[in-house]
Amino acid sequence: MSKTTQSDSEPPADPAADSRSNYDHRSSDVEEPELVADLEALVEGEVRFDSYSRNLYATDASAYHQLPIGVVVPVSVADVQAVMGYCAEHSIPVLPRGGGTSLAGQTVNEAVVLDFKKELDAVVDVDPETGTVTAQPGITLARLNNHLEEHGLKYAPDPAWGDKSVLGGCIGNNTTGAHSLKYEKADGYLEEVEVVLADGTVTTFGWMDVEELHERAAAVDGDAGIVERVYAVVSDVLRNRTEGIEERYPDLTRNVSGYNFDKLLEDVEARGEVNVGRLLAGSEGTLGIVTEATVSLEPVPEETSVVLLTYDDVISAMRDVAPILEHDPAAVEVMDDVLLDLARDTPEFSKLVGTLPEGTDSTLLVEFYADSIEEGKRKVADLLADRLPGYEATGEPAADGTRTDGEIQAVDALEAYDDDRQAKFWKMRKAGLPILLSRTGDEKHWPFVEDTAVPAENLPEYVADIQELFDEYDTFASYYAHAGPGVLHIRPLLNLKADDGVDRMLEISDAITDLVIEYGGSVSGEHGDGRARTTWNKKLYGEDIWASFGELKAAFDPQGLLNPGNVSGDFDPTENLRYDADYEFDAGFSPEMNWDNENGFQGMAELCHGCAGCTGHQDTTGSIMCPTYRATQNEEITSTRGRANMLRRAMSGDLPEDVFSEEFIHEVMDLCIGCKGCKRDCPSGVDMAKLKTEVKHEYHQREGIPFRDKLFANVETLYGLGSAFAPVSNAAAKLPGTGLLMEKVLGIARERDLPTFTRKTLTKWDRSRTPAVSESEADRKALVIADPYTNYTQPEVGKAAVRALEAAGVHVEVPDDVTDSGRPAHSKSLLDKSRATARANVDALAPRVEAGWDVVSVEPSDSVMYQNDYLDLLSGPDVEVVAENAYSVMQYIDTFRLDERLSTETDETISYHGHCHQTASSRDHHAVGVLRRAGYDVDVLDTTCCGMAGSFGYEAEHYSMSQAIGRMLFDAVEESPGTEVTAPGTSCRSQLAGTDRTDGKPPHPIEKLEAALQY
Ligand SMILES: Cc1cc2nc3c(=O)[nH]c(=O)nc-3n(C[C@H](O)[C@H](O)[C@H](O)COP(=O)(O)OP(=O)(O)OC[C@H]3O[C@@H](n4cnc5c(N)ncnc54)[C@H](O)[C@@H]3O)c2cc1C
Ligand code: SF4
Ligand code: SF4
């Protein structure tokens, strides 16, 4: 049997297409089978009306949920037309959806959902001459911009989640981002748009002379179609409502409440033309379905410069915004004390926050665009000379620099000119939010007034009034985001499950919208109306404009089928909430692990707020989360969000299926590979791997443990036998037909090589030698753990660890009473076994640790097992002492700077692939640091899990998923300049074996360190 790698076997990218996998990502509970049959006959794409699909699309990043009628994944404009035409005939609502990152509930409705992100994501044409690009609506903004990079152009709207949200959604919400001081909202870039209308016909809207519009409107009669009726309404608006629009629309660059009539007026004034397509921007799917858009582009700025101004309180920072705007910055972003305190507590930012002057309460991050670094420095110097006189800036201010009036507010400044420092400042601005959203209790920071905007000069009074209001309601929020254009993200802390929680939400919304109007602002400066804010549009704009919204909607959508209720509709913001007083949760079992830090199992099961952070792609988002979503190319059920939503819905009694049914375990939980990527990459730290372990354990209690799981959980015994019978065991594994037999009998993928065992184990080798450094001459002593993979199949890795540590003066022993960490059983959710192993190991190790020994593993998943997972399984000071003194070998060397005692020499360039568990627990940098200090030029691959995930990749039904995930790693290796790839994980090395950059299995980093040693 020969190993099949990505080069000689191309398994289906989607495991659903592998007959061994048998995944269809759906449940057998299908609503409205006749409707499904009708739609299936009409469209080429998938029609999903099962309970899983409906629940997966029942939420977005908002506080709302509502079951859609079903989901269709269109693969062509014809599909979209067919669905719309059919639904029009049968009066069924339709909802177009992109990345589902909306924060106000725009993509939550009782409708047939059209998922554009899955298939319709092509770039149709880039025209650098005219500076435009034409693309399908399902492409993420990050991927769109990747296509434009070579032309020095970009699509300017830059929402924070542009690598997860898509062009159609961006248009739907009239999106913009942190640089809206320089750029327009999505409407300002929409040149031409192909739209499927509410009757299923398709049309294209583009620029039209305003007189032509009026002429066509005048010709409208009773038989007129949608397009002509729309022209009639638009003509009426332009002729008769101009005054009202000028009076009632806030004078802000950031207003996305209601339909954007103001943009039409602006265009007519600027160019005597009108583009009705621009009304689609911000229409939240209520006017038509975008199937293709041509958008104009902006040049990418040559250079940027950043300065972080510090303040004693948030009001002082707010006072400084208006004068700073006089300096023409590209962005002004505020971060208040709540977020700074949270960032201070993170390992990544504590140092940077620590450099802020004592007493810093708030900061403004100011960014400038410039043609050169010098110009960037000059702009910062100008600003500081004006707003912080006495500060010695890096650059020279211009003699005629801008000078503003008013009291000096800033206390200090930190400048940033290189990319790394600028990125760090920007990252810090975003760092606190994840922790803000990490509350596992019933009180959470909900989005419903989270993007109000007021003119920048009104910010100080506005914020002071809001603080007073929150005091009245006994709540608080943090103030952060785009202070420059006056947009503040404010999420009050509320318990919507409490009787009065929902009432308070409504009262706060009402009071804040009053304040917004008083200060000349907008109810929504960024995220849109949706379920949360549509109701306030009447208050913001008045009856007349509200009525014209209704007329526009009626012209576009006479039956009211397109995302009904949004923008001009009648949503009650307190209905269809994800949580309210009637919400109930029952896990249906007693969890086995320690959930104290997560507010119980329920706290973690309810932690996901749907932001869609786990739905980025490898090429644009990088990092780990979520490998299965990346491999299946946008299959929602394989994202962390999909799993979390399904689990919560099932445990709150909203799914017809039981969590512990075979179908739920197979379709929902099984493809979570337990990489723990979400624990780190999810902004709120949703730990799906831990949730899955509990659920699978309970499933085993009810249904029994499959034989193969028992086998994999007993790697120690199995490998011990393989080693004892080597080389016979190795020869037997290579006999023709063994692979097929293993697959038939045990379900082990026939494509995988079985490990090659050795009788010369690490423990035997250690027993046969005298340690090179005696206990008395060493100042550290380490127990190097002979895990089963290292001990029985790759003792050379363990030997390299021993030799490198001894070269650094460490006294080393390889214990033979502690080998298996319990990881194999733990990853198979056999908690009784993993706990028993953990107990035995802690009993054996704790006294030795107390006596000064450190516990060192070469296998990263083992070190993380000792460091983290033991604390989930056991409690007590002995467990803690072992956890605190357990290290991976590279972490050990780095932590105690043992490599400073080594003499090394090399100039090799190598690629480094980290282990997902280690990366997820932020311990992966150690190996890179040590290798670099040893002389290696290390290219750190931005890779997700390798796809093996313990035994996962060996299992026949998981083979194709494993390879699909692995292919992302193979591609990264291919593109890396490294001559060889190194990886600490045994599984990762097996997955990489045979790829172009490896001759056999790639080495462990400790082997590379040893190879560079000059003895
Ligand atoms: C963490 C986070 C940060 C965010 N940061 C920003 C930010 O900086 N700036 C900002 O403006 N927003 C921001 N948002 C809100 C949201 O991400 C943006 O509005 C985004 O553009 C929505 O894109 P989407 O693909 O997720 O669209 P969806 O949420 O799927 O849809 C948005 C709307 O567009 C409609 N729609 C989707 N596709 C089509 C189509 N083909 N035809 C017609 N209508 C369609 C939908 O019906 C819906 O009403 C943020 C959200 C989150 C969770
Ligand atoms: S799992 Fe995390 S990243 Fe994904 S949607 Fe939920 S909160 Fe967002
Ligand atoms: S553990 Fe890994 S595979 Fe599972 S949900 Fe989290 S990121 Fe995805």
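Computed from a prediction, not measured in an experiment: that's the story for all the values here.

Each value, and the rule that gives it
- Sequence order as written defines the numbering, with residues in each chain counted from 1.
- The order in which chains are written sets their letters, starting at A; the order in which ligands are written sets their numbers, starting at 1.
- Note on the predicted model: pLDDT of at least 70 is required for a residue's local features to be given, and 80 or more for side-chain atom pairs to be given and counted; whole-chain, interface and lining totals, by contrast, use all residues.
- Hydrogens are left out, water is left out, and the side-chain values use all remaining heavy atoms of the structure.
- Helix and strand labels come from DSSP, where a helix needs a run of H or I of at least four residues and a strand needs a run of E of at least two; each type is numbered from the N terminus.
- With the radius of gyration taken over C-alpha atoms, the globule rule is written as 2.2 Å times the number of residues to the power 0.38.
- Note on classification: 1.4 Å probe, protein chains only; a residue is buried when its accessible area is under 20% of the maximum for its type, exposed when over 50%, partly exposed between these limits.
- Contacts are residue-level and defined by heavy atoms, with any inter-residue pair within 4.5 Å sufficient.
- Aromatic pairs are defined between Phe, Tyr and Trp rings, using the six-membered ring for Trp, whenever the two ring centres lie within 6.5 Å; interplanar angles under 30 degrees are classed as stacked, those over 60 as edge-to-face, and all others as tilted.
- In this scheme, the term charge over a ring applies when either NZ of a lysine or CZ of an arginine sits within 6 Å of the ring centre and within 35 degrees of the ring normal.
- Near residues are defined by distance, with any heavy atom within 4 Å of the molecule or strand qualifying the residue.
- Between N or O atoms, a polar contact is any pair within 3.5 Å; within protein, one atom must be a potential hydrogen donor and the other a potential acceptor, and residues adjacent in sequence are included only when both atoms are from side chains.
- Values of accessible area rely on a 1.4 Å probe in the Shrake-Rupley scheme; residue burial ignores everything except the protein chains shown.
- Whether two strands pair comes down to DSSP finding at least two bridges between them.
- Between N-to-C directions, angles cover 0 to 180 degrees, with each direction set by a line fitted to C-alpha atoms, over the stretch in contact for helices.
- Given the number of residues in a helix, its expected span is that number minus one, multiplied by 1.5 Å.
- When residue character is reported, Ala, Val, Leu, Ile, Met, Phe, Trp, Tyr, Cys and Pro are called nonpolar, Asp, Glu, Lys and Arg charged, and the others, Gly included, polar.
- Note: the arc covers the axis-to-C-beta directions of the helix.
- We define a salt bridge as a side-chain nitrogen of Lys or Arg found within 4 Å of a carboxyl oxygen belonging to Asp or Glu.
- Within this analysis, patches are made of residues with over 30% relative accessible area and no salt bridge. Like charges are joined at 9 Å or less; nonpolar side chains (Val, Leu, Ile, Met, Phe, Trp, Tyr) at 5 Å or less.
- Here a cavity means grid points, on a 1 Å grid over the protein atoms only, where a 1.4 Å probe fits yet cannot get out; a pocket means an open set of points with protein on both sides within 12 Å along at least five of seven lines; lining residues are those with an atom within 4 Å of a point.
- Grid points are joined across faces, edges and corners, and a volume is the space filled by probe spheres set on the points.
- By the definition adopted for this analysis, an angle is roughly parallel if under 35 degrees, roughly antiparallel if over 145, roughly perpendicular if from 65 to 115, and oblique otherwise.
- Definition used in this section: a nonpolar core is a set of buried Ala, Val, Leu, Ile, Met, Phe, Trp, Tyr and Cys residues joined via side-chain atoms within 4.5 Å.
- The score called pLDDT rates the predictor's confidence residue by residue, from a low of 0 to a high of 100.

1. Describing the overall build of the protein
Then, in step 1: Scanning the protein from N- to C-terminus turns up 43 helices and 27 strands.
Then, in step 2: Taken over C-alpha atoms, the radius of gyration comes to 30 Å for the protein, in line with the 31 Å a tight globule of 1015 residues would show.
Then, in step 3: Taking the principal axes of the C-alpha coordinates as reference, the protein spans close to 95 × 75 × 60 Å.
Then, in step 4: A buried classification covers 64% of the 1015 residues belonging to the protein.
Then, in step 5: Here the analysis covers contacts within the protein between residues at least 6 apart in sequence; of these, 75% occur between residues at least 24 apart.

2. Considering the packing of aromatic side chains
Then, in step 1: Tallying each qualifying case throughout the model produces 22 aromatic pairs.
Then, in step 2: Aromatic rings pair up to connect Tyr-249, Tyr-259, Phe-261, Tyr-541, Trp-546 and Phe-549 into one cluster.
Then, in step 3: Lying across the ring of Trp-207, Arg-271 places its NZ or CZ 3.5 Å from the centre.
Then, in step 4: Positioned above the aromatic ring of Tyr-417 is the side chain of Lys-377, whose terminal nitrogen or guanidinium carbon lies 5.4 Å from the ring centre.

3. Considering the site of ligand 1
Then, in step 1: Neighbouring ligand 1 are 35 residues, the closest being Pro-96, Gly-98, Thr-101, Ser-102 and Thr-176.
Then, in step 2: Measuring from an oxygen atom of ligand 1, one finds a backbone N or O atom of Gly-100 at 2.8 Å.
Then, in step 3: Taking 980 Å² as the accessible area of ligand 1 by itself, protein coverage stands at 96%.
Then, in step 4: Only strand S3 (94-97), helix H5 (167-173) and strand S12 (289-296) provide two or more residues apiece to the shell around ligand 1.
Then, in step 5: Ranked by residues supplied to the shell around ligand 1, first place goes to H5 with 5 residues.

4. A word on the sheet that holds strand S19 (residues 480-481)
Then, in step 1: Read across the sheet, 5 strands follow the order S17-S14-S16-S15-S19 without closing on themselves; strand pairing throughout is antiparallel. Two strands bound the open sheet, and with one partner strand each, they are strand S17 (412-416) and S19.
Then, in step 2: Inspection of the sheet shows strand S15 (residues 331-335) paired to S19 by 2 bridges, in the antiparallel sense. Across the sheet, Met-335 pairs through a bridge with Tyr-480, a residue of S19.
Then, in step 3: Sheet strands in contact with helix H10 (residues 314-325) are strand S14 (303-311), S15 and strand S16 (362-370), and its direction is about 20 degrees off that of S16.
Then, in step 4: The strands touched by helix H11 (residues 337-344) are S15, S16 and S19; relative to S15, the strand with the most contacts, the crossing angle is about 75 degrees.

5. Looking at helix H19 (residues 543-556)
Then, in step 1: Between its terminal C-alpha atoms H19 stretches 20 Å, which fits the 20 Å expected from 14 residues at 1.5 Å a residue.
Then, in step 2: Taken residue by residue, H19 has Ile-545, Trp-546, Ser-548, Phe-549, Leu-552, Lys-553, Ala-555 and Phe-556 as its buried positions.
Then, in step 3: Here the buried face of H19 lies against strand S9 (202-205), helix H7 (226-240), helix H8 (242-248), helix H9 (261-271) and helix H18 (537-541).

6. Here we look at unusual backbone geometry
Then, in step 1: Note the cis peptide between Met-625 and Cys-626, where omega equals -10 degrees.
Then, in step 2: Looking at the secondary structure, you find Cys-626 in the loop between helix H21 (618-621) and helix H22 (627-631).
Then, in step 3: Of the consecutive residues Ala-726 and Pro-727, the connecting peptide bond is found in the cis state with omega at 5 degrees.
Then, in step 4: Of note in this structure, Arg-897 is not a glycine but carries a positive phi near 50 degrees.
Then, in step 5: Tracing the chain through its elements places Arg-897 in the loop between helix H38 (889-895) and strand S25 (909-912).
Then, in step 6: The partly exposed category is assigned to Arg-897, whose relative accessible area is 37%.

7. So, the site of ligand 2
Then, in step 1: Among the 13 residues in the neighbourhood of ligand 2, the closest are listed as Cys-608, Cys-611, Ala-612, Cys-614 and Cys-682.
Then, in step 2: Its residues assigned to classes, the shell around ligand 2 shows 8 nonpolar, 4 polar and 1 charged.

8. Thoughts on helix H30 (residues 738-746)
Owing to its 3.6 residues per turn, the α-helix aligns residues three or four sequence positions apart on the same side.
Then, in step 1: Regarding H30, the residues found buried are Thr-738, Gly-739, Glu-743 and Leu-746. Buried residues of H30, viewed axially, fall in a sector of 140 degrees; they line one side. Away from the buried face of H30 by more than 90 degrees, exposed residues Leu-741, Lys-744 and Val-745 are located.
Then, in step 2: Where the residues of H30 are buried, they touch helix H27 (707-713) and helix H29 (728-733).

9. Remarks on the sheet that holds strand S6 (residues 132-135)
Then, in step 1: Read across the sheet, 5 strands follow the order S5-S6-S12-S8-S9 without closing on themselves; strand pairing throughout is antiparallel. With one partner strand each, in any of the chains shown, strand S5 (123-127) and S9 form the two edges of the open sheet. Averaged over all pairs of adjacent strands, the angle between strand axes in this sheet comes to 10 degrees, irrespective of strand direction.
Then, in step 2: Of the strand pairs in this sheet, strand S8 (residues 190-196) and S9 are connected by 4 bridges, and their pairing is antiparallel. By the bridge assignment for S9, Val-195 is matched with Thr-203.
Then, in step 3: Where helix H3 (residues 77-89) meets the sheet, it contacts S8, S9 and S12, and its direction lies at approximately 55 degrees from that of S8.

10. Brief notes about the pattern of salt bridges
Then, in step 1: With the rule as written, the count across this model stands at 64 salt bridges.
Then, in step 2: Between Asp-451 and Arg-533 there is a salt bridge whose closest N-O contact spans 3.4 Å. Linking Asp-451 in the loop between strand S18 (444-445) and helix H15 (459-472) with Arg-533 in helix H17 (residues 530-533), this pair joins segments that are 82 residues apart in sequence. For the residue pair Asp-451 and Arg-533, the accessibility class agrees, reading buried in each case.

11. Description of a nonpolar patch on the surface
Then, in step 1: Residues Leu-721, Phe-725 and Val-728 make up a contiguous nonpolar surface patch of about 320 Å² in total accessible area.
Then, in step 2: Secondary-structure assignment places Phe-725 in the loop between helix H28 (715-724) and H29.

12. Some words on empty space enclosed by the protein
Over the atoms, a rolled probe matching the size of one water molecule traces out where space is still vacant.
Then, in step 1: Under the definition given, this model contains 9 cavities of 30 Å³ or more.
Then, in step 2: In this structure, the largest cavity occupies an estimated 100 Å³ of space.
Then, in step 3: What lines the largest cavity is Ala-61, Ser-62, Leu-437, Arg-439, Lys-444, His-445, Trp-446, Pro-447, Arg-491, Leu-607 and His-609.
Then, in step 4: The residue makeup of the lining of the largest cavity, split by class, is 5 nonpolar, 3 polar and 3 charged.

13. Considering the packing of helix H23 (residues 640-651) against helix H24 (residues 662-669)
Then, in step 1: Running from amino to carboxyl end, H23 crosses H24 at an angle of 155 degrees, the nearest separation of the two axes being 10 Å. By the angle between their axes, H23 is roughly antiparallel relative to H24. Contacts between H23 and H24 involve Arg-643, Met-646, Leu-647 and Ala-650 on the former and, on the latter, Phe-664, Val-668 and Met-669.

14. Re the pairing of S12
Then, in step 1: Across the 8 residues of S12, 7 count as buried, placing the element largely inside the fold.
Then, in step 2: With 4 bridges joining them, S6 and S12 adopt antiparallel strand pairing. Directly across from Thr-132, in S12, lies its bridge partner Ser-296.

15. Notes on the pairing of strand S23 (residues 853-857)
Then, in step 1: Among the 5 residues in S23, 5 count as buried, and that is most of the element.
Then, in step 2: Burial of the side chains of S23 extends over both faces: Trp-853, Val-855 and Ser-857 are buried on one face and Asp-854 and Val-856 on the other.
Then, in step 3: Two strands pair when backbone bridges link them, and strand S21 (residues 781-785) and S23 are joined in this way by 5 bridges, in the parallel orientation. Bridge pairing links Ile-785 to Ser-857 in S23.
Then, in step 4: Where S23 meets strand S24 (residues 886-888), 3 bridges bridge the pair, whose relative direction is parallel. Considered in S24, the bridge of Ser-857 is made with Ser-888.

16. So, the environment of Leu-740
Then, in step 1: Assignment of secondary structure puts Leu-740 in helix H30.
Then, in step 2: A sequence separation of 10 residues divides Leu-740 from Arg-750, and the C-alpha atoms of the two residues are 5.3 Å apart.

17. Some words on the nonpolar core
The nonpolar side chains of a soluble globular protein tend to be buried, and buried together.
Then, in step 1: The biggest cluster of nonpolar side chains holds 118 residues, and the ones touching the most others in it are Leu-309, Phe-601 and Phe-664.
Then, in step 2: When residues in this core are grouped by element, the largest group, 7 residues, is from helix H35 (residues 831-850).
Then, in step 3: Beyond its immediate sequence surroundings of up to four residues, Leu-309 is in contact with Ile-324, Ser-362, Thr-363, Leu-364, Val-366, Leu-383, Leu-384, Leu-388, Ala-410, Asp-412 and Ala-413.

18. Examining the confidence of the model for the protein
Then, in step 1: Residues with a pLDDT of 70 or more make up 98% of the protein, whose mean pLDDT is 95.
Then, in step 2: Segment residues 1-12 is flagged for pLDDT under 50; beyond a separation of four residues in sequence, or across chains, it makes 34 contacts in the model.

19. Considering the environment of Tyr-866
Then, in step 1: Locating Tyr-866 in the fold gives a position in helix H36 (residues 860-873).
Then, in step 2: The class for Tyr-866 is buried, based on a relative accessible area of 0%.
Then, in step 3: Spatially, the C-alpha atoms of Tyr-866 and Cys-611 are 32 Å apart, while their sequence positions differ by 255 residues.
Then, in step 4: Other than its neighbours up to four places away in sequence, Tyr-866 contacts Ile-785, Val-818, Thr-819, Ser-821, Asn-841, Leu-845, Ser-857, Ala-883 and Ala-886.

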